[in-house]
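Geometric and topological summary
Now for the letters of each chain:
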Amino acid sequence: KTLTVEDIEDTCSVLENYCHENKCDAKKTYVWIHCLCNNQHRFDSAMSIEEIEEVIESKVTGTANVLSLISPWDRPLYLQRIWCIFELYKA
């Protein structure tokens, strides 16, 4: 799926609402966006599954909260990708 302006606007809106509802200062809240921070396509093919697990775990365990943005609601792509499920499990 190609990322659209509407996708970006929706993501920003969800994050703003999350901050408002949870009384977070949006200007001081850091966001880890999976597709921008952890590109599985760039993993070295020589890496073992344990090494890949270590890379993923080191990135997601430092987060205080996990907010999964899933779309489309009736068949979310997020839950169809094993890496996404693994990251959520590790978080």
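Okay, so let's go over this structure. This is a predicted model, so every value here is computed, not measured.

Given 3.6 residues to a turn, an α-helix orients residues that are three or four positions apart in the same direction. The end-to-end C-alpha distance of helix α1 (residues 5-21), which contains 17 residues, comes to 24 Å, matching closely the 24 Å that a straight helix rising 1.5 Å per residue would cover. Looking at the residues trailing α1, positive phi occurs at K23, about 55°.

Most of the time, phi is negative for any residue but glycine, and the peptide bond is trans. For K23, which is not glycine, the phi dihedral falls at a positive 55°. In this fold, K23 is placed in the loop between α1 and α2 (34-37). The exposed category is assigned to K23, whose relative accessible area is 77%.

Here we come to the state of the cysteines. Summed over all chains, the structure comprises zero disulfides. The closest cysteine sulfur to the non-disulfide-bonded C24 is located on C19, 4.8 Å from its own sulfur.

Tallied over the full model, the rule gives two salt bridges. Here K90 ties to E53 by a salt bridge, and the two come within 2.8 Å at their closest N and O atoms. Placement of the pair is K90 in helix α4 (residues 82-90) and E53 in helix α3 (residues 49-60), with a sequence separation of 37 residues. Here K90 falls in the buried class, since its relative accessible area comes to 18%. In this structure, the salt-bridge partner of K90 is E57, at a minimum N-O distance of 3.5 Å. With K90 in helix α4 and E57 in helix α3, the pair connects residues that are 33 residues apart, well separated along the chain.

For the rest of this paragraph, the subject is α4. Regarding α4, the residues found buried are C84, E87 and K90. Each buried residue of α4 sits inside an arc of 130° when the element is viewed along its axis, so together they form one side. Facing away from the buried side of α4 by more than 90 degrees, the exposed set consists of I82 and Y89.

Here the focus is the packing of α3 against α4. Packing of α3 against α4 leaves a shortest axis separation of 9 Å and a crossing angle of 55°. Compared by their axis directions, α3 and α4 come out oblique. Of the two elements, α3 crosses α4, and the hand of that crossing is right-handed. Mapping the contact onto sequence places I49, I52, E53, I56, E57 and V60 in α3 and W83, F86, E87 and K90 in α4. Class assignment for the residues of the contact of α3 with α4 results in six nonpolar, no polar and four charged.

Cut-offs applied
Per chain, residues are indexed from 1 in the order of the written sequence. In keeping with the model being predicted, local features are shown solely for residues with a pLDDT of at least 70 and side-chain atom pairs are shown and tallied solely at 80 or more, while totals for entire chains, interfaces and linings include all residues. Hydrogens are left out, water is left out, and the side-chain values use all remaining heavy atoms of the structure. Secondary structure is summarised from DSSP: a helix means a run of H or I of at least four residues, a strand means a run of E of at least two, and numbering begins at the N terminus for each. Take the residue count of a helix, subtract one, and multiply by 1.5 Å to get its expected span. Relative accessibility thresholds used throughout: buried, under 20% of the residue-type maximum; exposed, over 50%; partly exposed, between the two (1.4 Å probe, protein chains only). Cysteine sulfur atoms are paired as a disulfide whenever they fall within 2.5 Å. Each salt bridge in this description consists of a side-chain nitrogen of Lys or Arg and a carboxyl oxygen of Asp or Glu lying within 4 Å of one another. This arc corresponds to the set of directions leading from the helix axis out to the C-beta atoms. All axes here are fitted lines through C-alpha atoms, helices being fitted over the stretch that makes contact, and every angle between N-to-C directions spans 0 to 180 degrees. Small angles under 35 degrees read as roughly parallel and large ones over 145 as roughly antiparallel, with 65 to 115 read as roughly perpendicular and the rest as oblique. Two helices that cross are described as forming a left-handed crossing if the nearer one is turned anticlockwise from the farther one by less than a right angle, and a right-handed crossing if clockwise. Residues are treated as being in contact if the distance between any of their heavy atoms lies within 4.5 Å. Ten residue types, Ala, Val, Leu, Ile, Met, Phe, Trp, Tyr, Cys and Pro, are classed as nonpolar, four, Asp, Glu, Lys and Arg, as charged, and the remainder, Gly among them, as polar.

Treat this as a map of the structure, not an account of what it does.
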